[in-house]
Amino acid sequence: MTAQHEIGTRERIVRATSRLMQRRGYGATGLKEISREARATLGSVYHFFPGGKQELAVAAIRHGELEFAELLRETLDREDDPGAAIVACARELATGLRESGWLDGCPITTTALESAGVAPDIQRAAAEAFASWRALVRDRLIRAGLADDVADELAHTIVATLEGAEMSAQVSQSEAPLEIAGRHLARLIASYR
């Protein structure tokens, strides 16, 4: 049995939506395409998501949030030095992006930007995802001995820089923007220690 069949129908639908919206955005991803990709009937999509595409997009953003949080948590905990951990995170993002053929950037950015101002539930879910990621970074910086206010501001800077570097890497089809961002973020963190 394949991994696609081992997970439940609802989870397959959410994962398919997350992947499609990550690559194409909200507007270019249709429910029929989602049902096909998830190997689920259109009726199943409406059964699990009676609120339609917006409800499904919120679930997909939350899935993407957890997916990236797992990668972030693993890389932050792997290294004793938080700067080295951010460098490792940037490298993993670059590797994943390259291995996807430069298609799989941030799991929520495309949908979040496209929905800004027109879909408050989607925008709220995206804002919560970014806040969650900043909290992970902030907590790691505090564990490394940085003051709360410094850790909070650095977490904003780190997440924003990684997001921008990932987009730049995707557009240029080069790992360099993420590698450079990782190195400079590590220097910035070191300057506060």
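Treat the numbers as computed from the prediction; the structure is a model and nothing was measured.

Time to look at the overall build of the chain. The number of helices and strands found in the chain is ten helices and zero strands. Going from the N terminus to the C terminus, the chain shows its helices and strands as α-α-α-α-α-α-α-α-α-α. Relative to a compact globule of 193 residues, whose C-alpha radius of gyration would be 16 Å, the chain shows 18 Å and is just as compact. By principal-axis analysis of the C-alpha atoms, the chain measures approximately 55 × 35 × 30 Å. Counting every position in the chain, which comprises 193 residues, the buried fraction comes to 45%. Taking the intrachain contacts of the chain between residues at least 6 apart in sequence as the baseline, contacts between residues at least 24 apart amount to 67%.

Taking 1.5 Å of rise per residue, the 16 residues of helix H10 (residues 176–191) would be expected to cover 22 Å, and the 23 Å separating its terminal C-alpha atoms lies within 8% of that figure. Among all positions of H10, only Leu178, Ala181, Gly182, Leu185, Ala186 and Ile189 are buried. When H10 is viewed along its axis, its buried side chains cluster within an angular range of 135 degrees and face the same direction. Exposed side of H10, more than 90 degrees from the buried face: Arg187 and Ser191 are the residues found there.

Our next topic: the pattern of salt bridges. Where side chains of opposite charge bring their charged atoms close, a pairing between them can arise. Per the stated rule, a full pass over the model turns up 13 salt bridges. As a salt-bridge pair, Arg19 and Glu37 come within 3.3 Å of each other at their nearest N and O atoms. Pair noted here: Arg19 is in helix H2 (residues 9–24) and Glu37 is in helix H3 (residues 31–38), with a separation of 18 residues, a long-range link. Between Asp77 and Arg143 there is a salt bridge, with the nearest N and O atoms lying 3.0 Å from each other. Pair noted here: Asp77 is in helix H5 (residues 53–78) and Arg143 is in helix H8 (residues 120–143), with a separation of 66 residues, a long-range link.

Within H3, the full set of buried residues consists of Leu31, Glu33, Ile34, Ser35 and Ala38. Of the residues one or two after H3, Arg39 is the one with positive phi, at around 55 degrees.

What counts and what doesn't
Residues numbered from 1 in each chain as written. Predicted model: local features only at pLDDT ≥ 70, side-chain atom pairs only at ≥ 80, totals over all residues. Heavy atoms only, no water. Helix = DSSP H or I, 4+ residues; strand = E, 2+ residues; numbered from the N terminus. Rg over C-alpha atoms; globule rule 2.2 N^0.38 Å. Buried < 20%, exposed > 50% of the residue type's maximum accessible area, 1.4 Å probe, protein only. Contact = heavy atoms within 4.5 Å. Expected span 1.5 Å × (residues − 1). Arc of directions from axis to C-beta. Salt bridge = Lys/Arg side-chain N within 4 Å of Asp/Glu carboxyl O.

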